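Below are the chains, spelled out letter by letter.
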There are 2 protein chains.
Amino acid sequence: MAKPSEPKRKKRNGGTTTSRMRDVARKAGVSVMTVSRALNDPDKVSKEMRLKVRAVVDEIGYVPNRLARSLSSNRSNLLGLIVPSIRNSLFAETIKGISDVASGNGYRLMIADSGPGLHEEEEAITAFLQQRVAGLVLHNTSHTANAIEMIGKAGIPVVENGNLTSTPLDSVVSYSNYEAARAMTLHLARMGYKQIAFVSLVRRENDRARERLRGYLAALKELGRKPDDALILERPPGFSAGAEAVMHLVESVPQVDAIFFAGDVLAVGAALECQRRGWKVPGRVALASFDDLDILRHVNPPLTTIRLPRYEIGRRSAECLLDRIAGRATERVSLDLKFEIIQRESA
Amino acid sequence: MAKPSEPKRKKRNGGTTTSRMRDVARKAGVSVMTVSRALNDPDKVSKEMRLKVRAVVDEIGYVPNRLARSLSSNRSNLLGLIVPSIRNSLFAETIKGISDVASGNGYRLMIADSGPGLHEEEEAITAFLQQRVAGLVLHNTSHTANAIEMIGKAGIPVVENGNLTSTPLDSVVSYSNYEAARAMTLHLARMGYKQIAFVSLVRRENDRARERLRGYLAALKELGRKPDDALILERPPGFSAGAEAVMHLVESVPQVDAIFFAGDVLAVGAALECQRRGWKVPGRVALASFDDLDILRHVNPPLTTIRLPRYEIGRRSAECLLDRIAGRATERVSLDLKFEIIQRESA
DNA sequence: GATTATTGTGTTACGCGTAACATGGATCTG
DNA sequence: CAGATCCATGTTACGCGTAACACAATAATC
């Protein structure tokens with residue numbers, strides 16, 4: 001009987017008092033452990049216990065505390081995702097893929113926008129490790145030394161998915177930017193284009209853009225053509241930059257007959273600009289794009305592009321992470337989800 | 001001397017061992033409390049302590065455990081955001097606004113995609129409350145009864161930002177979908193259009209779309225016009241649906257002279273479709289859009305639309321939340337960030 | 001029917017930090 | 001110089017759960 005009276009709680013913020021597992025236990029007349037089991041491992045308790053506990057939980061509106069659970073069990077249900085730009089709709093598909101798998105398995109997704117910089121990525125990684133995420137998805141495939149070390153120490157699985165890097169931190173689920181750019185360049189050459197320009201995002205600190213340029217250059221080499229600096233541009237993201245780039249190229253290098261926009265929505269901006277000016281595509285200049293944006297099919301003419309399995313990349317990345325977290329898989333994965341050239345009318 | 005030997009740790013997952021504050025304390029020859037203070041409240045410790053602790057932290061690569069901190073202090077640094085569709089680029093700006101403010105203040109953002117359903121939103125809310133988020137941003141302004149009750153019990157600040165609802169759960173930072181749709185409809189009427197069609201997303205479970213329809217109908221009423229069911233459509237999101245809608249309207253109701261696309265990228269799809277078919281815009285039919293997508297400026301002709309302060313909504317939502325969390329503000333906020341009609345060539 | 005497994009529940013000891021209070025010395029105060 | 005005040009640090013007691021083990025009651029085994 002002389003049960004030591006409940007220790008008073010450390011402190012509580014003002015009015016509202018969230019109920020604890022202990023409150024459920026008391027009300028149901030069982031131990032907290034039984035409540036814990038009834039909620040998280042129902043097979044371990046008898047049916048009547050399960051029902052009684054559930055009833056009390058519903059009655060008092062108990063919301064389990066994941067923080068405490070994670071701390072105690074040393075397992076969190078958080079996944080971290082870091083993308084260079086949340087604004088960029090290209091990532092939306094991948095995010096959705098990750099999000100679907102995560103929430104379908106009881107995991108929650110934290111998203112950080114690192115901007116283009118590696119240092120900001122490191123900060124985001126630090127923050128996520130502090131939250132003790134169970135796994136990380138990184139879009140970048142290059143990182144600061146510090147970031148690499150921290151991730152190594154943390155011992156959590158990581159999937160990179162911006163490029164099929166040959167030197168992943170851990171696992172990689174992606175496609176080859178190099179091969180894709182190379183394939184498109186060769187494709188354009190096969191279509192008969194002689195002067196193929198290449199426009200990408202700014203390549204500094206952007207390994208995808210660099211890989212694409214490598215692929216373009218490799219294709220030129222295979223074709224026995226010399227790269228021409230005047231045909232290689234980099235531009236900030238956005239429609240306007242694409243519009244500007246096509247104007248610039250057509251005017252400054254009149255013999256250009258095809259432009260390969262290797263990133264962002266540049267190609268769309270270019271296509272719309274051509275249309276506005278009444279330039280025939282591909283008559284005046286052919287256009288090709290890199291990303292499988294829905295809108296590419298709807299502009300006039302529809303744009304030749306590369307279809308990338310972005311949703312699938314998200315899905316498989318998350319699955320890979322969860323497999324590793326659950327211990328179902330222990331090997332690093334290097335998964336090439338390929339790409340596909342979609343031939344439409346613009347080139 | 002007879003210090004009771006370190007209790008062995010409960011359990012550790014295999015190889016990697018994350019260091020604890022205790023390890024830092026031992027190595028620095030101070031108490032854990034001093035370490036805690038040196039890291040979180042530097043003014044409370046002497047300069048030499050601060051430096052010594054920092055040095056040890058760097059040396060052993062200690063990563064503070066936010067889970068433990070949050071649990072112990074009863075304060076988390078997590079914000080939850082629930083949007084109907086992560087895929088939809090409209091939300092990207094708002095997400096960025098929230099994300100910028102959050103990470104600038106040491107908060108982390110968890111994002112859930114609820115889909116169009118209220119029930120899924122409730123699930124996401126539950127999950128976030130389990131993580132003990134410090135605040136919530138909801139795009140929806142209608143919720144299940146259960147969700148409302150849970151949020152009430154949790155006692156955390158909430159900002160809704162999809163519509164300037166007059167019956168917010170707590171605070172609201174948004175614009176009036178009703179007023180915006182009404183204003184655009186009146187604007188189109190002033191431009192001389194007589195038969196103005198209205199196309200929105202599916203209105204069931206989408207209060208924004210319903211509000212916009214209300215605004216459209218209110219404007220018609222003010223104009224002394226009778227709504228015509230044949231001129232009111234709902235469509236799924238996407239370019240194709242917009243393209244289909246414009247064709248459908250022009251063919252089934254030949255006298256239509258303007259179409260107000262009140263949602264998603266429908267208007268863009270419609271504009272591109274008109275262009276493909278060589279229909280003059282606004283000659284054959286005028287087009288107007290609801291959202292301030294960058295691309296609207298680039299299609300031909302540029303689309304008349306409504307500019308919404310989406311980034312600002314995100315930013316102010318997050319600020320409002322943080323003010324409430326920090327106790328800097330205790331009052332509910334109802335902030336109307338307005339909208340602006342952008343007159344371009346399509347109408 | 002005694003012995004061994006199985007099942008259901010409770011007990012104890014943490015997980016990793018922070019709040020609140022305690023302590024000892026330096027500084028101020030009149 | 002006694003007493004009040006401050007400052008830097010330590011001690012204790014939790015926050016809210018789970019892991020691991022203990023234990024009693026039931027079921028399976030021969």
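Residues numbered from 1 in each chain as written. Chains lettered and ligands numbered in written order. Predicted model: local features only at pLDDT ≥ 70, side-chain atom pairs only at ≥ 80, totals over all residues. Heavy atoms only, no water.

**Description of the overall build of chain A**
Then, number 1: For chain A, the helix and strand inventory stands at 12 helices and 12 strands.
Then, number 2: Its C-alpha atoms give chain A a radius of gyration of 26 Å, clearly above 20 Å, the size a compact globule of 347 residues would have.
Then, number 3: For the C-alpha atoms alone, the extent of chain A along its principal axes is close to 95 × 40 × 35 Å.
Then, number 4: The burial tally for chain A puts 56% of its 347 residues in the buried class.
Then, number 5: Total accessible area on chain A stands at roughly 15,200 Å², and carbon and sulfur atoms take up 51% of it.
Then, number 6: The distance from the centre of the 51 positive side-chain charges to the centre of the 40 negative ones in chain A is 7 Å. (Helix = DSSP H or I, 4+ residues; strand = E, 2+ residues; numbered from the N terminus. Rg over C-alpha atoms; globule rule 2.2 N^0.38 Å. Buried < 20%, exposed > 50% of the residue type's maximum accessible area, 1.4 Å probe, protein only. Areas by Shrake-Rupley, 256 points an atom, 1.4 Å probe, with all protein chains shown as cover. Lys, Arg positive; Asp, Glu negative; His and termini not counted. Charge placed at Lys NZ, Arg CZ, Asp CG, Glu CD.)

**Re the packing of helix α10 (residues 239-252) of chain A against helix α11 (residues 266-277) of chain A**
Residue and element names in this part refer to chain A.
Then, number 1: Here α10 crosses α11 at 60°, and the two axes come no closer than 6 Å. Here α11 runs oblique to α10, going by the angle between their axes. By crossing handedness, the relation of α10 to α11 is classed as right-handed. When α10 is examined against α11, the residues F239, A241, G242, A243, V246 and M247 are found in contact with a partner set consisting of L266, V268, G269, A270, E273, C274 and R277.
Then, number 2: A breakdown of the residues in the contact of α10 with α11 according to their chemical character gives 9 nonpolar, 2 polar and 2 charged. (Axes fitted to C-alpha atoms, helices over the stretch in contact; angles between N-to-C directions. Parallel < 35°, antiparallel > 145°, perpendicular 65-115°, else oblique. Left-handed = near helix turned anticlockwise from the far one by under 90°. Contact = heavy atoms within 4.5 Å. Nonpolar A, V, L, I, M, F, W, Y, C, P; charged D, E, K, R; others polar.)

**So, the interface of chain A and chain B**
Then, number 1: The interface of chain A with chain B comprises 57 residues on the first partner and 57 residues on the second.
Then, number 2: Summing both partners gives a buried area of about 5,400 Å² for chain A against chain B, and 55% of it is carried by carbon and sulfur.
Then, number 3: On the chain A side of the contact with chain B, A:L67, A:R87 and A:H298 bury the most area, a combined 14% of that side's loss.
Then, number 4: Along the contact surface separating chain A from chain B lie 4 salt bridges.
Then, number 5: Applying the counting criterion to the chain A and chain B interface returns 19 residue pairs in polar contact (both at pLDDT 80 or more).
Then, number 6: Every element with two or more residues in the side of chain A that touches chain B is listed here: α4 (66-73), α5 (90-104), β2 (108-113), α6 (118-130), α7 (145-154), α10 and α11 of chain A.
Then, number 7: Ranked by residue count, the leading element in the side of chain A that touches chain B is α4(A), at 7 residues.
Then, number 8: For the side of chain A that touches chain B, the residue count by class is 23 nonpolar, 20 polar and 14 charged. (Buried area = accessible area lost by both parts, 1.4 Å probe. Salt bridge = Lys/Arg side-chain N within 4 Å of Asp/Glu carboxyl O. Polar contact = N/O pair within 3.5 Å; in protein donor to acceptor, adjacent residues only side chain to side chain.)

**Structural notes on the domain arrangement of chain A**
All names here are of chain A.
Then, number 1: Here chain A is partitioned into domain 1 (21-64), domain 2 (75-175 + 313-337) and domain 3 (177-307).
Then, number 2: With centres defined by C-alpha atoms, the gap from domain 2 to domain 3 works out at 29 Å.
Then, number 3: Facing 14 residues of domain 2, the contacting portion of domain 3 comprises 11 residues.
Then, number 4: Summed over both partners, the interface of domain 2 with domain 3 comes to about 970 Å²; 40% of that surface belongs to carbon and sulfur atoms.
Then, number 5: When the buried surface of domain 2 facing domain 3 is broken down by residue, L90, N163 and Y175 rank first, second and third, together holding 48% of it.
Then, number 6: If you look at where domain 2 meets domain 3, you find 0 salt bridges.
Then, number 7: Summed over the shared surface of domain 2 and domain 3, the number is 8 residue pairs in polar contact (both at pLDDT 80 or more).
Then, number 8: When its residues are assigned to classes, the side of domain 2 that touches domain 3 shows 5 nonpolar, 9 polar and no charged. (Domains from an automatic or database assignment.)

**Some words on the nonpolar core**
Then, number 1: Membership of the largest hydrophobic core comes to 154 residues, with the highest contact counts inside it found for A:F260, A:L287, B:F260 and B:L287.
Then, number 2: Residues contacting A:F260, with those up to four places away along its chain left out, are A:A181, A:M184, A:T185, A:L188, A:I196, A:A197, A:F198, A:V199, A:A288, A:S289, A:F290 and A:I306.
Then, number 3: A:M110, A:I156, B:I125 and B:F128 belong to the second-largest nonpolar core, a separate cluster that totals 34 residues. (Core = buried A, V, L, I, M, F, W, Y, C linked by side-chain atoms within 4.5 Å.)

**Here's the deal with the UniProt feature "domain: HTH lacI-type" (unreviewed entry) in chain A**
Then, number 1: According to UniProt, the "domain: HTH lacI-type" (unreviewed entry) feature falls on residues 19-73 of chain A.
Then, number 2: Segment residues 19-73 of chain A splits into 71% helix and 0% strand. End C-alpha atoms: 20 Å apart. (UniProt positions renumbered as here; feature names shortened; annotations may be inferred.)

**Details of the side chain of B:D170**
Residue and element names in this part refer to chain B.
Then, number 1: Looking at the element boundaries, D170 is found in the loop between β4 (158-160) and β5 (171-174).
Then, number 2: Reaching out from D170, the side chain makes a polar contact with the backbone nitrogen of V158 at a distance of 2.8 Å.
Then, number 3: In this view, D170 contacts I156, P157, V158, E160, R324, R332 and V333; residues no more than four positions away in its chain are not counted.

**Quick word on the relation of the copies chain A and chain B**
Then, number 1: Superposition of chain A onto chain B requires a rotation of 180° combined with a translation of 0.1 Å along the rotation axis, giving an RMSD of 0.1 Å. Taken together, the rotation and translation describe the operation of a two-fold axis. Considering only C-alpha atoms, the residue of chain A closest to the rotation axis is A:M110, which sits at 2.2 Å.
Then, number 2: Of all interface residues in chain A, 100% are interface residues in chain B too; the two copies therefore contact each other through one and the same surface. (Least-squares fit on C-alpha atoms with pLDDT ≥ 70 in both.)

**Focus on the sheet that holds strand β6 (residues 196-201) of chain B**
Residue and element names in this part refer to chain B.
Then, number 1: Read from one edge to the other, the open sheet built from 4 strands follows the order β7-β6-β8-β9, with strand pairing classed as parallel. The outermost strands of the open sheet, each flanked by one partner alone, are β7 (232-235) and β9 (286-289). Going from strand to strand, the sheet's axes swing by 20° on average, the running direction of each strand aside.
Then, number 2: The pairing of β6 with strand β8 (residues 258-261) spans 4 bridges and is classified as parallel. Its bridge partner lying in β8, A197 is registered against I259.
Then, number 3: Here helix α9 (residues 207-222) sits on the sheet in contact with β6 and β7, set at roughly 170° to β6.
Then, number 4: Against the sheet, helix α10 (residues 239-252) touches β6, β7, β8 and β9, its axis set at about 155° to β7. (Pairing = 2+ DSSP bridges.)

**Examining the packing of aromatic side chains**
Then, number 1: As enumerated under the stated definition, the model contains 8 aromatic pairs over all chains in all.
Then, number 2: Ring geometry for A:F198 and A:F260: centres 5.9 Å apart, planes at 80°, overall edge-to-face. Here A:F198 is found in strand β6 (residues 196-201), whereas its partner A:F260 is found in strand β8 (residues 258-261), with 62 residues between them in sequence. The pair A:F198 / A:F260 is uniform in exposure class, with both members buried.
Then, number 3: These aromatic residues form a ring-pair network of at least three members: A:Y175, A:F198, A:Y216, A:F260 and A:F290.
Then, number 4: Taking NZ or CZ as reference, B:R212 lies 3.7 Å from the ring centre of B:F290, over its face. (Phe/Tyr/Trp six-rings, centres within 6.5 Å; stacked < 30°, edge-to-face > 60°. Lys NZ or Arg CZ within 6 Å of the ring centre and 35° of its normal.)

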